Structure formats: structure tokens, C-alpha cells
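Reading the structure
Here is how the chains run, residue by residue.
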Amino acid sequence: MGTNGSTMLKPLRQGLPPLDPAAVSDAASCALPARYEAVREARRFTRDTLDRWDVGDRFDDVCLVVSELVTNALRHAVPAAPCRGEAHHPSVRLHLMRWSERLVCGVRDPSHETPVPRDSDDFSAESGRGLFLVESFADSWGWHPLAGALEGKVVWAMFRLPTAG
């Protein structure tokens with residue numbers, strides 16, 4: 001079981017600043033239903049996890065970014081009418097990982113579409129602006145296709161954490 005979890009998260013680490021997977025202090029993930037209440041569930045899960053990890057300093061930034069990433073996944077990556085068989089396999093999953101000086105949140109979804117921030121002169125357009133918010137509040141972000149049997153991609157955002165002392 002342990003190896004499955006680490007291979008699932010591997011794509012998340014590619015392209016990040018050098019991070020030793022063995023040095024992850026904490027990791028947590030939750031499956032999210034393919035409906036809009038998932039954003040609220042993701043925020044609650046993030047709040048509870050960050051409280052437990054005692055990294056409240058970046059709480060507002062992390063929660064905003066998690067909300068945007070989950071919203072994007074639901075809006076652009078989840079099929080409108082999922083097959084009945086997929087009910088037991090939620091299409092969107094939130095991952096939180098903490099190193100001593102960094103926190104990474106990743107949202108896995110079933111789409112192969114590249115997440116692209118859209119130029120938005122049209123201020124009534126909601127689509128595409130979420131990634132600008134992610135870019136503004138996270139220290140870095142990116143995405144990677146999933147490897148192996150897992151379909152889709154992971155969109156991740158990294159936050160630097162203040163060091164103790």
C-alpha cells in the first residue's frame with residue numbers, strides 16, 4: 001500500500017525546487033466529490049490540516065489557492081455526467097504536503113488539458129482568472145501529467161513557510 005501512495009504523488013514533485021521526498025514531514029489528502037460543495041470541503045480539510053501542522057501563518061493564502069485549484073478542476077476537468085461506475089472513485093483529490101520550510105498543495109483531476117491562465121480584459125469573464133490568483137498568492141505553481149495507470153494531471157502550488165527562530 002505504501003508504494004502506491006508515493007508513486008501517485010511523484011508527478012507532483014517533478015519541476016518543484018529540489019525537495020527530498022523522504023524529508024516530507026507530513027502529508028494528507030482527501031477525495032472530493034465532483035460537485036461544488038467540494039470547494040467548501042477542501043477549505044475545511046485544509047484548515048483542519050494546517051491547524052494540526054501548526055502552519056497557520058499562510059492559512060489565508062493556502063485556502064484561497066486550494067479553493068481556486070479545486071474550482072478549476074471542477075469547472076474544466078470533471079466530465080459533466082460522470083459514469084455511474086465512477087461514483088466510488090472521486091475524480092478530484094486534494095493533496096497537502098509539508099517540508100520544514102515549504103508547503104505544497106496539489107489537486108489531481110482526470111483531465112489532460114493544460115491549465116492556462118487566460119488574458120482577461122473582459123472583467124466579467126470568470127474563467128481563467130483563478131490561475132492569476134494562484135500565481136499571486138503562491139510562491140510558485142505548476143502542473144504535471146500523471147504517470148502510469150492514473151489518468152489526468154496534478155496542478156500544484158508551493159508556499160514557503162517561515163522558519164522557526
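My aim in this report is to walk through the structure given alongside it, one point at a time.

Reading the values: rules and limits
Residues numbered from 1 in each chain as written. Predicted model: local features only at pLDDT ≥ 70, side-chain atom pairs only at ≥ 80, totals over all residues. Heavy atoms only, no water. Helix = DSSP H or I, 4+ residues; strand = E, 2+ residues; numbered from the N terminus. Buried < 20%, exposed > 50% of the residue type's maximum accessible area, 1.4 Å probe, protein only. Contact = heavy atoms within 4.5 Å. Polar contact = N/O pair within 3.5 Å; in protein donor to acceptor, adjacent residues only side chain to side chain. Pairing = 2+ DSSP bridges. Core = buried A, V, L, I, M, F, W, Y, C linked by side-chain atoms within 4.5 Å.

So, about the environment of Gly-142. Note that Gly-142 resides in strand 4 (residues 140–145). For Gly-142, a relative accessible area of 10% translates into the label buried. When the C-alpha positions of Gly-142 and Pro-115 are compared, they lie 8.7 Å apart, and in sequence the two are 27 residues distant. Apart from residues no more than four positions distant in its own chain, Gly-142 is found in contact with Val-154, Val-155 and Trp-156.

The phi angle of most residues is negative, glycine excepted, and most peptide bonds adopt the trans form. At Asp-54, a residue that is not glycine, the phi angle is positive and equals roughly 60 degrees. One can find Asp-54 in the loop between helix 2 (37–53) and helix 3 (59–77). Judged by its relative accessible area of 64%, Asp-54 falls in the exposed class.

As for its placement among the helices and strands, Arg-98 is situated in strand 2 (residues 92–98). Residue classification places Arg-98 among the buried positions, given a relative accessible area of 18%. A polar contact is formed between the side chain of Arg-98 and the side chain of Asp-26, at a distance of 2.3 Å. Look past the residues within four positions of Arg-98 in its chain and what remains in contact with it is Val-24, Ser-25, Asp-26, Trp-53, Val-55, Leu-103 and Leu-161.

To continue, consider the pairing of strand 3 (residues 102–109). Burial within strand 3 is extensive, with 7 of its 8 residues counted as buried. Note that strand 2 and strand 3 share 6 bridges and pair antiparallel. Among the inter-strand pairings, Arg-98 is bridged to a residue of strand 3, identified as Leu-103. The turn joining strand 2 and strand 3, which pair antiparallel and follow one another in sequence, is formed by 3 residues.

Below, the discussion takes up the environment of Arg-47. Mapping Arg-47 onto the fold places it in helix 2. In this structure, the C-alpha to C-alpha distance between Arg-47 and Val-62, residues 15 residues apart in sequence, is 9.1 Å.

Next up on the list: the nonpolar core. Ranked by internal contacts, the top residues of the largest apolar core, which has 34 residues, are Leu-69, Val-70, Leu-94 and Ala-157. Elements with a minimum of two residues in this core: strand 1 (26–32), helix 2, helix 3, strand 2, strand 3, helix 4 (129–137) and strand 5 (153–160). Per-element tally for this core: the top contributor is helix 3, with 9 residues. Apart from residues no more than four positions distant in its own chain, Leu-69 is found in contact with Cys-105, Val-107, Leu-131, Val-134, Val-155 and Ala-157. Ranked by size, the runner-up nonpolar core spans 6 residues in total, among them Val-24, Met-97, Trp-99 and Met-158.

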